[in-house]
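# What the coordinates show
Each chain, letter by letter, is given below.
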Amino acid sequence: METFTPDPRRWWALGALVASMLTLGFDMTILNVALPTMAADLGATTGEQQWMADAYVVVFAALMLPAGLLGDRFGRRRMLVVGLGIFLAASLVGALAADVNWVVAARALMGVGGALVTPLALSVLPSLFAPDERAKAIGIISAASALGLPLGPIMGGWLLNHFWWGSVFLVNVPMAALGIAACVLLLPETRDPASPKVDTVSTALTATGLGALIYAIIEAPSRGWTDALVLGMLAGAVLLLTALVLRERRQPRPMLDMTLLAHRGFLFNTLAATLVMFVLSGLLFVLPPYLQAVLGNDALGTGVRLLPMMGGLLVATRLAPQVVTRFGARATVSAGLVVLAFAAFLGSRTTTDSGYGFTALWLSVTGLGFGLSLIPAMNGALGTLPRDRAGSGSGLLTTLRQVGGAIGIALLGSLLAGIFRDRLDVTGLPPQAADTAGDSVIAAHLVAQRTGSGDLLASANSAYVHGMGVVLLVCGAAALVAALLAAAFLPGTRRPDEAAGTPDMAPEPADA
C-alpha cells in the first residue's frame, strides 16, 4: 500500500483555499442586498434583476465538470489562480458597468471564475491531507464557504450605506488578489499526467445541457412549469445530457466518469450531500424575506441575524471528526440529516408572533445538522477517489450539489410563491395593486404603505409565514428521506487500518 506523506505546509495551503472560498461565499449573497439600489440606478426590470443574480449560477453550474478536468490536466494550483484572476477581472467590469447588460455579462464571467475555483479547492485536499485530517480540512473549507453567506449581506449593507452600488463588486478585488497571492506562495502544484485531453464536444454538451436545465429551473417559478420556453429548455437539457452520457460511455478516459457514479461510496455520499444542499437552499431562501419584511430588519440586520447558523456549523466542524471516529460515517451522516430535519420541522412552527429568539434557536440547530451531515458525506465521497482523479470527481460532486441547490430554490420558491398569493387577502384593492401585492411579501408591504392598509400588512405577514412553514415541512421531509437513504445504503465504516491507507476505487464491503 502506498505511504502517504503529508505536506508540511498543508495548513498554510488550506488558508489559501479558505481565502478563495470566502471570496466566492461573499458573492453568493452580497448582490441580493444591492439589487434594489441597482434597479433604481440602472432602470432594471424585475426579469433583468433576476438575471443579474442568476447569470452567475447558470454559468457556475454548467462549467463545473470541465473545470475539474482542466485542473487535473494543467495543474490545480495554476487553474485556481486563473479562476481567481477571471473572478477579479469580472468584478472590476461589474463595478464599472454602466448598464444592465454589462452587469449580467460580468456576473456570467464571474461564474466562469467561480466554476474553476470551487471544485479545484476541494480536489487539492486529498493530495494535501491524510484521511484522518481530511474531514477537519473539509469542515474548515465548508465553514469558510458558508461564512460568506451571512457576511455578504452584512458587508453589502454597510457598503451601500457608505458608497455606490458598484462597491459590492469592487470588494471582491482585494479578496481575490489575496487568494491569488496565497495560492502562488503556499499551495503545491498537483495534476494528473494521464488526464484525458479536453473534449470540446463533451464540454459543450455539458455546458449547454446543464445551462439549459438550470435556466429552466430558474425561470419556472415566474413563467410556470407549462410555459413553452421552460418545457423547451427542459426537453433540450434532457437531449443534450443524454447525448453527453452516450458519448462519454464510448470514451476510453471520459470527462464524465460513469465509473465514479457506479461506485457505491461515491454515489450515495454525493446523493446525501446533494439532498443536504436542497434542504439548506430552501431554508436560506425563505429566511431573508421573513427577517426583512415580517420582522422589520434592514439588509445589515438580516445578515447579522443569520449568524446563529454559522455558530452551529462551527460547532459541527469540530464535532464531526470525533463523531465519525466514534460511530462511523454512515451513522454520523444519518444523524446529521435527522438533526437537519428536526430544525426544519421546528422552524415550521414559526408564527408571526414568534420573534427572533425562536428563529435563532432553530437556525443554530440547522447549522449543527448541516455540518454533521455534509462534512462526513463530502469526505466519504472524496475519500473514494484516487488522488489523480480528484479533480474530475470533485467537479462532479460539486456540480450535483449546485444543481441540488438550484432545484431546491426553484421548487421551494415556486411552492412559497403559490401559497403566498393564494392566502393573501387583497379585498378592496384596485386590480393592479392587488396583482403587484401578490408578487412577494416585500411588494405587498410597499403596496400596504402606499395605500395605508394595515389589513394588507397583517395578511401579507400571515400568508408569508404560513408559506414558509409549508416549505420548511417539505425541507424536513426531504431531510428525513435522505437520512433513511444514508442509513440504508451508505457503505459501512472501514476498519482503522484500511482508513489510514490511500483511497482507491476498490469496492467497499456491504457492511462492517
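Just so we're clear, the structure is a prediction, and the values are computed from it rather than from any experiment. (Residues numbered from 1 in each chain as written. Predicted model: local features only at pLDDT ≥ 70, side-chain atom pairs only at ≥ 80, totals over all residues. Heavy atoms only, no water.)

Moving on, we get to the overall build of the protein chain. Within the protein chain one finds 22 helices and 0 strands. Out of the 512 residues in the protein chain, the part that is buried amounts to 56%. Sequence separation of at least 24 residues holds for 83% of the intrachain contacts in the protein chain that already meet a minimum separation of 6. Summed over its atoms, the accessible surface of the protein chain is roughly 20400 Å², and 66% of this surface lies on carbon and sulfur atoms. (Helix = DSSP H or I, 4+ residues; strand = E, 2+ residues; numbered from the N terminus. Buried < 20%, exposed > 50% of the residue type's maximum accessible area, 1.4 Å probe, protein only. Contact = heavy atoms within 4.5 Å. Areas by Shrake-Rupley, 256 points an atom, 1.4 Å probe, with all protein chains shown as cover.)

Turning our eyes to something else, we now look at the environment of Phe489. As for its position among the elements, Phe489 is in helix H21 (residues 454-489). Along the sequence, Phe489 and Arg330 sit 159 residues apart, while their C-alpha atoms lie 8.7 Å from each other. Excluding residues that lie within four positions of it along the chain, Phe489 makes contacts with Arg264 and Phe268.

Here Thr350 shows up in the loop between helix H16 (329-347) and helix H17 (355-383). Of the polar contacts made by the side chain of Thr350, one reaches the backbone oxygen of Gly347; its length is 2.6 Å. With sequence-adjacent residues up to four places away left out, Thr350 is seen in contact with Tyr290, Phe358, Trp362, Val465 and Met468. (Polar contact = N/O pair within 3.5 Å; in protein donor to acceptor, adjacent residues only side chain to side chain.)

To continue, consider the packing of aromatic side chains. Counting across every chain of the model gives 5 aromatic pairs. Between Trp165 and Phe169, the aromatic rings sit 6.4 Å apart at their centres with planes inclined by 80 degrees, giving edge-to-face as the arrangement. Each of the two residues, Trp165 as well as Phe169, counts as buried. Here the aromatic rings of Phe420 and Tyr464 are separated by 6.5 Å at their centres, their planes lie at 70 degrees, and the arrangement is edge-to-face. Highlighted residues: Phe420 in helix H18 (residues 390-423) and Tyr464 in helix H21, separated in sequence by 44 residues. (Phe/Tyr/Trp six-rings, centres within 6.5 Å; stacked < 30°, edge-to-face > 60°.)

A separate point is helix H20 (residues 441-451). Among all positions in H20, only Val441, Ala443, Ala444, His445, Val447 and Ala448 are buried. Following H20 by one or two positions, Gly452 adopts a phi angle in the positive range, close to 65 degrees.

Our next topic: helix H4 (residues 76-96). A rise of 1.5 Å per residue sets the reference length of H4, with its 21 residues, at 30 Å; its end C-alpha atoms lie 30 Å apart and thus fit the reference within 8%. Restricting attention to buried positions, one finds in H4 the residues Arg76, Met79, Leu80, Gly83, Leu84, Phe87, Leu88, Ala90, Ser91, Gly94 and Ala95. (Expected span 1.5 Å × (residues − 1).)

Bringing the environment of Arg9 into the picture now. With respect to the element layout, Arg9 can be found in the segment before helix H1 (10-42). Arg9 sits in the partly exposed class, given a relative accessible area of 36%. A C-alpha to C-alpha distance of 7.0 Å links Arg9 and Leu186, two positions 177 residues apart in sequence. Leave out the neighbours within four places in its chain, and Arg9 touches Leu185, Leu186, Leu187 and Pro188.

Core analysis: the biggest nonpolar cluster contains 118 residues, and Leu17, Met38, Phe169 and Tyr464 have the highest contact counts within it. At 15 residues, the largest contribution of residues to this core is made by helix H13 (residues 264-294). Excluding residues that lie within four positions of it along the chain, Leu17 makes contacts with Leu80, Ala121, Val124, Leu125, Ile141 and Leu187. In terms of nonpolar packing, the next biggest core, distinct from the first, is built from 11 residues, Val57, Leu210, Ala212 and Ile217 among them. (Core = buried A, V, L, I, M, F, W, Y, C linked by side-chain atoms within 4.5 Å.)

Together, Leu92, Trp158, Phe163, Trp164 and Leu170 make up a nonpolar patch on the protein surface, roughly 500 Å² of accessible area in all. Along the chain, Leu92 falls in helix H4. (Patch = residues over 30% accessible without salt bridge, like charges linked within 9 Å, V, L, I, M, F, W, Y side chains within 5 Å. Salt bridge = Lys/Arg side-chain N within 4 Å of Asp/Glu carboxyl O.)

In this section: the confidence of the model for the protein chain. In this model, the protein chain carries an average pLDDT of 78, and 84% of its residues clear a pLDDT of 70 or more. The weakest mean pLDDT in the protein chain belongs to helix H22 (residues 496-499) at 38; the strongest belongs to H16 at 91. Confidence drops under a pLDDT of 50 for residues 494-512, and excluding neighbours within four residues, the segment shows 39 contacts in the predicted structure. (pLDDT = per-residue confidence, 0-100.)

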